[in-house]
Amino acid sequence: MRRCALRSCVIHLKPCATASFPQPALFYTSSIFVRSFCMTYPASVSSERQDSVEGKSVGIFYQVAAALFFLFVFYFLFLRIMNFEMRRDEQLYVPPARLLNDQALYADFFYNHPPASAWYFYGISKLTGSSDLLLSGRLGVFLAWILMAVAVGGVVYVLTRSAWATVCVGILSLVNELFLTQTGVGATNNFLPWPFAFLGLSLFLLALRNEQRRSLLVALAGFLLGLAVCFKLSAIAFIPAVAVAAFLLPRSLALKDRIAKVAAPLLVGGLVGGAPILFYLVRDPQLFLAHVVRYHTGPHPQYWRLMSGDGEGGAMSLAQKLVMAQDIWLAPAVAVALAALIAVTFIVLARRTDNVAVEPQLRMGEVLVLAGVLVCSFVLSFVPTPGFPQYFAPPLVCLPLAFGLLLEALGPRALPMVRPILLSAVLVVLAVNAPRLGQYLGKATHPQQWTTMRVHEGGVTIAERMQAAGVTGKVATLAPIYPLEGGLDVYAELATGPFAYRTADMTSPELAKYYKMTSPSTIEALFEKDPPAAFLLGFEDELEKPMRAFAESHGYVQSASLGFKDRYGIPTLYLKPATAPGS
């Protein structure tokens, strides 16, 4: 197997490799952050001392120390993304990076989500020239993290003009249990839409106060919000409040001017950003809706009602969803961030009560728009059944904007009042999540042990075993990432994991005609017509029974141990005998 440039780059990556971030802005922001930790109150030194050589030396020290701190934090995050154990959902999201070479999304293989994530992972794979599919997918998620951090930092800094406040808000908003586990580190669509949704909402609010570039900013906001929905339908929670606000704000404009300068650009931008969905919707609406909507309202919940307890944590009832929401929205790091937000809110309200003319005014129109988005996010988090942790992410995406608007209302003179609150909260959040961030530090110098590398090597091993046995053809498996990593072919009916397969027998014939799939009751007929060259089993014992029975009854030979395993089991490879009938 060829070794691509990306793989070589990642293998030799060092902690300093993240130094490609914009250094001047990072150094400035970081220096303010570190000095804030070292001084409870703003420094009250004279301008002469600030200009002294000693002051400059100390400043440079803080800049370097803080920059190294953030570089290492991002490197720890990179290590976590590359080493997080592969999840079942990734068997759906990662294969299109290879399948889209010569197959059509929805028409040629099952895919029950909007198209952007499939094409995004495919694009990352093509740009890097990598044959390491899981590595490319996880790299795409890391890039989304960078975009989210830049978006949060940029928006909060524009609102507050405070570097230390920007860094604090970024840490409080992004370093939490949900984003540092499966939702934020797996190669899925669960994290990908949120940088676009956050930036779209932020640009819309900023456009309301910018007369000269209002239409352009609103159009860009619409584009980003539409693009977010193309990654994940949950991002639609950000649209209703913004759409309504486009007709009501800013109040200084007449209704016809709001329609022309706000609502119309928002609509045009949204249509352009939503073009990937519109393309498939116009091309074959029944096919698209069958995959993206009807699957989630039909066979998917029916399967979970019958087969709950599978271990993937789905919440079926409202009571179970409330428990899940509490576990996520009141997790330790999130709870600390919320406590800090509430404290800042009380300070803002107290100052408005005590002072007749508070220097900056709280922009109530923007706050109401954000509140509307939060309400929609809360409600829509409970709509999907079964409920999973990733569905409860949208309200957390609003957190940095809430901080930004409140801190802006304090103004530069009063902002130092909340410094002890924010810095204390940051310390607690970092302490809570330090074990997660540093969990894979021991593997930093052993990239061959990273999950992304081990999965690829597993695929290569399977390909080598098949070559040594002299067999060629498709591999039958419910874990298609492994053979695809090895450059092997899989059945189109099983190309995106067990999801269509496990619901096929309970899917109505009218709906089933839109899916490229097989089922436990029909898979034997598929194999009789097109016998596999090998079976890769050991991940889904109950679902694999018909496959194992076919392999054993048709003389497939069990290969020696492949030398790897994942959280779902120890894989077993069955190879078609060279003398098998019909070979």
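Structure shown above.
So, here's what we can say about the structure. Everything numeric in this text was worked out from a predicted model, so none of it was measured.

With respect to the pattern of salt bridges
Once the charged atoms of two side chains with opposite charge are near each other, the side chains can pair. Following the criterion strictly, the structure yields 11 salt bridges and no others. Glu 85 is the partner of Arg 454 in a salt bridge, and the nearest nitrogen-oxygen pair spans 3.8 Å. Of this pair, Arg 454 sits in helix α24 (residues 451–469) while Glu 85 sits in the loop between α4 (53–83) and α5 (90–93), placing them 369 residues apart in sequence. Classification of Glu 85 by relative accessible area gives partly exposed; the value is 24%.

Quick word on a nonpolar patch on the surface
Together, Ile 236, Ile 239, Val 375, Phe 378, Val 379, Leu 380 and Val 383 give the surface a local cluster of nonpolar side chains, amounting to about 570 Å² of exposed area. The dominant element in the nonpolar patch, judged by the number of residues it contributes, is helix α20 (residues 364–381), at 4 residues. Positionally, Leu 380 belongs in helix α20. For Leu 380, a relative accessible area of 34% corresponds to the partly exposed category.

So, the pairing of strand β5 (residues 572–575)
A two-sided burial pattern is seen for β5, the buried positions comprising Thr 572 and Tyr 574 on one face and Leu 573 and Leu 575 on the other. Both strand β3 (residues 534–537) and β5 contribute to a ladder of 4 bridges, which runs antiparallel. The residue of β5 that forms the bridge with Leu 537 is Thr 572. As defined by bridge partners, strand β4 (residues 557–558) adjoins β5 across 2 bridges and the pair is classed as antiparallel. Within β5, the position partnered with Val 557 by the bridge is Leu 575.

Observations regarding unusual backbone geometry
Where the residue is not glycine, phi is negative for most of them; where a peptide bond is considered, it is trans in most cases. With an omega of -5 degrees, the peptide bond between Leu 249 and Pro 250 qualifies as cis. Among the structural elements, Pro 250 can be located in the loop between α13 (239–248) and α14 (255–273). The omega angle of the peptide bond from Thr 385 to Pro 386 is 0 degrees, so this bond is cis rather than trans. With respect to the element layout, Pro 386 can be found in the loop between α20 and α21 (394–397). Unlike most non-glycine residues, Arg 161 shows phi in positive territory, near 55 degrees. Looking at where Arg 161 falls in the secondary structure, it is placed in the loop between α8 (133–160) and α9 (163–174).

Examining the environment of Leu 287
The residue Leu 287 is located in helix α16 (residues 285–297) in this model. Residues Leu 287 and Tyr 515 lie 228 residues apart in sequence; the distance between their C-alpha atoms is 8.2 Å. The contact partners of Leu 287, leaving out residues within four places of it in the chain, are Tyr 106, Ala 107 and Tyr 514.

Regarding the nonpolar core
Core analysis: the largest hydrophobic core is formed by 175 residues, its most contacted members being Phe 204, Phe 238 and Leu 422. The dominant element in this core, judged by the number of residues it contributes, is α8, at 15 residues. With 16 residues, the next largest nonpolar core counts Leu 494, Met 547, Tyr 556 and Tyr 574 among its residues.

With respect to helix α7 (residues 116–128)
The end-to-end C-alpha distance of α7, which contains 13 residues, comes to 18 Å, matching closely the 18 Å that a straight helix rising 1.5 Å per residue would cover. For α7, every residue scored as buried is listed here: Ala 116, Ser 117, Ala 118, Phe 121, Tyr 122, Ile 124 and Ser 125. If you follow the buried residues of α7, they end up packed against α5, α6 (96–99), α8 and α12 (214–231). Backbone geometry just after α7 places Gly 129 at a positive phi near 70 degrees.

Side note on α24
Given 3.6 residues per helical turn, the α-helix brings residues three or four places apart onto the same face. Here α24 contains 19 residues, and its C-alpha end-to-end distance of 27 Å stays within 8% of the 27 Å for a straight helix at 1.5 Å per residue. Gly 470 occupies a position one or two residues after α24 and carries a positive phi of about 75 degrees.

The rules behind the values
Once a new chain begins, its residue numbering starts again from 1 and follows that chain's sequence as written. Only residues with pLDDT of 70 or above have their local features reported here, since the model is predicted, and side-chain atom pairs are shown and tallied only from 80 upward, although totals for entire chains, interfaces and linings are computed over all residues. Hydrogens and water molecules were not included; the side-chain quantities draw on all heavy atoms of the structure. We count a salt bridge whenever a side-chain nitrogen from Lys or Arg sits within 4 Å of a carboxyl oxygen from Asp or Glu. Working definition: helices are DSSP H or I runs of at least four residues, strands are E runs of at least two. Numbering for both runs from the N terminus. Summary of the burial criterion: residues with accessible area below 20% of their type's maximum are buried, those above 50% are exposed, and those between are partly exposed, where the area comes from a 1.4 Å probe applied to protein chains only. Only residues whose relative accessible area exceeds 30% and that form no salt bridge are eligible for patches; like-charged ones are grouped when within 9 Å, while nonpolar side chains (Val, Leu, Ile, Met, Phe, Trp, Tyr) are grouped when within 5 Å. Using the Shrake-Rupley algorithm and a 1.4 Å probe, accessible areas are obtained, with residue cover drawn only from the displayed protein chains. When DSSP finds two or more bridges between two strands, those strands count as paired. Contact definition: two residues touch when any of their heavy atoms are within 4.5 Å. Definition of nonpolar core: a set of buried residues of the types Ala, Val, Leu, Ile, Met, Phe, Trp, Tyr and Cys, connected through side-chain atoms within 4.5 Å. In this analysis, the expected span of each helix is defined as 1.5 Å times one less than the number of residues it contains.

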